[in-house]
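# Structure assessment
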Amino acid sequence: MLWQPTAEKELQLEWKWLQSIAILLPISNVFMPFLASLLILWIFFRHGWKAIATPINRAYFYLSVWMILTTIIAFNIGTAAGGLANFLPYFLLAAITSFVIRTPAQLIHILWLLVLSSLCVSGFGILQAMINRPDWIFPKVIFDSYPIPMGFSSDRRIQSIFGHFNETAVYLLTIMPIAFHFAIGKVKSITKSQKWITLIALALGICILILTSSRNAWGLAILGFVAIALYYRQWKLVGGFGLMMLLIAWAVFGQKFGLGGEALRSLLPEGFVNRLSSTVDPKFSDYASTADRLNAWQFALSLISQHPIQGWGLRNFPLIAQSMGYDLRGLPHEHNFFMAIAVGSGIPALLGFVTIIIWTIWTSLRSVFAQQTEGTIVIVAISIILCILSGWLDIVFYEPRISILLWLLLGSMYGLAKSSQLIQIDEVSRSNPQS
């Protein structure tokens, strides 16, 4: 029987509910947000607002108020109001998660469930690759939002149970550091069975991450492993990753800049080389994605400069472009999460958002309980940072399952920090009974 932690008696139902969300998360991008919303409403109904009235959660509230105000004066109020759904419910999810998760054992267990659930994503991706019949469409009703082809796309990419290859890549990218930490035995409090399952999840996740052909995720995955190696103080591994990246860069881009590397280039898979080369080389058809992003960013920066404080309204970007006659070349959004916030709700919203993320991570890493997680809290911070950094080149956070994953991790971290602060206050009050 797999090891499971216990929660406080008055939170047993909420704890089981949260575990259900973690284990079932990849299954549906409609049912899972609904299940999470019910948990939020239940906690408010049973425990009230004061239960989650902590400093960081108040910061979420003030940021939400600002976003609502910018929605009222948006270019298109209806679209902007819909854009609030990409932020406000997840702020609440982080808040109620920090209320439920209070111990290192709970954190480790919820992470284990997330790793376990990732097998659904990677396993289905492996099935797609093996069958490779893109004309076969998996029943839409199961995953709710879109048909899923049972095979590679025309450009040889796998999307698994998500609507886009990049969404699959970021989901697996976020879970990968946690699976790696568990798989190599850094967490002694999990069973051998759990360790082997995480090893399988890690191996399959890496395979599907490669098959998504997401250049953004590939680069961040290497960056993540370097960060983990630095944390483990494995300097030889850090050097090895650095050398590997230099050699790959030389092989892929050396010829373009007159630096050679042709011999090494011939040793690498052609599809891999072409995919990376297309990032900067207009001779490849995939370069269009780079050019289109640069075009969208130029327009986004122009909009930010015009309305730097109040923004134009969330998700209004394509509507504004259409009204101004600007050609976005088919892109539905800014392809940069940070620009999307600034365009939608102004620079103050962007600064508030980034500040809350940094504040959460910093507070959690400095908490008393952080030392009792066997290094897991640091690995979770790395996962969160990788997920957030994926927003530099794309916006995958409009996919509910990725947003739930991100805010679940943030809330879990802060839950430990909040609990350790309460323990310290209690210890101080006991040592000073006269105060």
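Residues numbered from 1 in each chain as written. Predicted model: local features only at pLDDT ≥ 70, side-chain atom pairs only at ≥ 80, totals over all residues. Heavy atoms only, no water.

### Describing the environment of W218
Operational definition: A helix here means a DSSP run of H or I that spans at least four residues, while a strand means a run of E at least two residues long, and both kinds are numbered starting from the N terminus.
Within the fold, W218 resides in helix α10 (residues 215-232). Spatially, the C-alpha atom of W218 lies 8.6 Å from that of L173, the residues being 45 residues apart in sequence.

### A look at the packing of helix α8 (residues 165-183) against helix α9 (residues 192-211)
Convention followed: Working convention: axes come from line fits to C-alpha atoms, limited for helices to the stretch in contact. Angles between N-to-C directions cover 0 to 180 degrees. The crossing is said to be left-handed when, going from far helix to near helix, the turn is anticlockwise and less than a right angle, and right-handed when the turn is clockwise. Contacts between residues were defined by any pair of non-hydrogen atoms, one from each residue, lying within 4.5 Å.
With their axes 9 Å apart at the nearest point, α8 and α9 run at an angle of 145° to one another. Viewed along their axes, α8 and α9 form a crossing whose handedness is left-handed. Across the interface between the two elements, T168, A169, L172, M176, A179, F180, F182 and A183 from α8 touch K195, T198, L199, L202, G205, I206, I208 and L209 from α9.

### Quick look at the environment of I175
The topology assignment puts I175 in helix α8. The spatial distance from the C-alpha of I175 to the C-alpha of A340 is 24 Å, given a sequence separation of 165 residues. Excluding residues within four positions of it along the chain, I175 makes contact with L114, V115, S118 and L405.

### Let's talk about the nonpolar core
Quick reminder of the rule: Buried residues of nine kinds, namely Ala, Val, Leu, Ile, Met, Phe, Trp, Tyr and Cys, make up a nonpolar core once their side-chain atoms join them within 4.5 Å. Between buried and exposed lies partly exposed: a residue is buried under 20% and exposed over 50% of the maximum accessible area for its type, with that area taken using a 1.4 Å probe on protein chains only.
Judged by nonpolar contacts, the single largest core of 129 residues is most densely connected at L111, F182, I384 and W407. Broken down by element, this core gets its largest block of residues, 13 residues, from helix α16 (residues 337-365). For W407, the residues in contact, after removing those within four places along its chain, are Y60, Y90, F91, L93, A94, F353 and I357. Counting residues in each nonpolar core, the second largest holds five residues, with W218, I248, V273 and L276 among its members.

### Topic: helix α4 (residues 77-84)
Selection criterion: For this quantity, the arc is that covered by the directions from the helix axis to the C-beta atoms. Here a polar contact means two N or O atoms within 3.5 Å. Within protein one must be a hydrogen donor candidate and the other an acceptor candidate, and residues neighboring in sequence count only if both atoms are side-chain atoms.
If you check which residues of α4 are buried, you get A80, G83 and L84. Taken down its axis, α4 places every buried residue within 105° of arc, on the same side. Those residues of α4 that are buried are in contact with α3 (55-72) and α5 (88-100). Two or three places before G78, at the start of α4, stands the capping residue N76, its side-chain oxygen 3.2 Å from that residue's backbone nitrogen.

### Focus: the packing of helix α6 (residues 104-131) against α9
Going by this rule: Each angle is binned into one of four classes, with values under 35 degrees roughly parallel, values over 145 roughly antiparallel, values of 65 to 115 roughly perpendicular, and all other values oblique. All amino acids are sorted into three groups, where Ala, Val, Leu, Ile, Met, Phe, Trp, Tyr, Cys and Pro are nonpolar, Asp, Glu, Lys and Arg are charged, and the leftover types, Gly among them, are polar.
Packing of α6 against α9 brings their axes to within 8 Å, and their N-to-C directions diverge by 45°. Considering the angle they form, α6 stands oblique to α9. Crossing handedness for the pair α6 and α9: left-handed. Residues W112, V115, L116, S118, L119, S122, G125, I126 and A129 of α6 lie in contact with α9, whose contacting residues are Q194, I197, T198, I200, A201, L204, G205, C207, I208 and L211. Its residues assigned to classes, the contact of α6 with α9 comprises 13 nonpolar, six polar and no charged.

### Thoughts on the side chain of D394
The cut-off we apply is this: Only four residue types enter the tally: Lys and Arg on the positive side, Asp and Glu on the negative side, with His and both chain ends excluded. We define a salt bridge as a contact between a side-chain nitrogen of Lys or Arg and a carboxyl oxygen of Asp or Glu at a distance within 4 Å.
Of note, D394 is situated in the loop between α17 (376-389) and α18 (400-431). For D394, which is buried and forms no salt bridge, the nearest opposite charge comes from R293, at a distance of 4.2 Å. Polar side-chain contacts of D394 include one of 2.9 Å to the side chain of N166. Sequence-distant contacts of D394, that is, excluding residues within four places in its chain, are made with N166, R293, H333, H335, N336 and F337.

### Looking at unusual backbone geometry
A negative phi holds for most residues other than glycine; trans holds for most peptide bonds. Located in the positive-phi region is N132, a residue other than glycine, with phi close to 45°. Here N132 shows up in the loop between α6 and β1 (133-138). Residue N132 is classed as partly exposed on the basis of its relative accessible area, which comes to 31%. Non-glycine residue R233 carries a positive phi angle of around 60°. Assignment of secondary structure puts R233 in the loop between α10 and α11 (235-253). Of the residues examined, R233 reaches a relative accessible area of 61% and is grouped as exposed.

### Observations regarding the state of the cysteines
Going by this rule: Here, a disulfide means two cysteine sulfur atoms that sit within 2.5 Å of each other.
Within this structure, the stated rule accounts for zero disulfides. The thiol of C120 is unpaired, and the distance to the nearest cysteine sulfur, on C207, comes to 17 Å. Judged by relative accessible area, C120 falls into the partly exposed class, the value being 27%.

### A short note on α6
The following threshold applies: In this analysis, the expected span of each helix is defined as 1.5 Å times one less than the number of residues it contains.
The end-to-end C-alpha separation of α6 is 41 Å, in line with the 40 Å expected for 28 residues at 1.5 Å each. At the C-terminal side of α6, N132 shows a positive phi close to 45°.

### A few points about the packing of aromatic side chains
Any aromatic ring pair is given by two values, namely how distant the centres are and how the planes are angled relative to each other. Short version of the rule: Two aromatic rings from Phe, Tyr or Trp, using only the six-membered ring of Trp, form a pair when their centres are within 6.5 Å; if the ring planes differ by under 30 degrees the pair is stacked, by over 60 it is edge-to-face, and anything between is tilted. Any Lys NZ or Arg CZ that is within 6 Å of a ring centre and within 35 degrees of that ring's normal is treated as a charge sitting over the ring.
Going through the model one piece at a time under the given rule, you end up with 21 aromatic pairs. A ring pair is formed by W42 and F45, whose centres lie 6.2 Å apart and whose planes are at 40°; its orientation type is tilted. In this pair, W42 and F45 are both assigned in helix α2 (residues 31-47), three residues apart and thus about one turn of the helix distant. Judged by its relative accessible area of 27%, W42 falls in the partly exposed class. Here the aromatic rings of F299 and F317 are separated by 5.5 Å at their centres, their planes lie at 50°, and the arrangement is tilted. Pair noted here: F299 is in helix α14 (residues 287-306) and F317 is in helix α15 (residues 317-324), with a separation of 18 residues, a long-range link. The class of F299 is buried, set by a relative accessible area of 5%. Taken together through their ring pairs, the aromatic side chains of Y60, F87, F91, F337, F338, F353, W392, F397 and W407 make up a single cluster. Of note, R102 hangs over the ring of F99, and the distance from its end group to the ring centre comes to 4.9 Å. Taking the ring centre of F152 as reference, the NZ or CZ of R156 above it sits at 4.1 Å.

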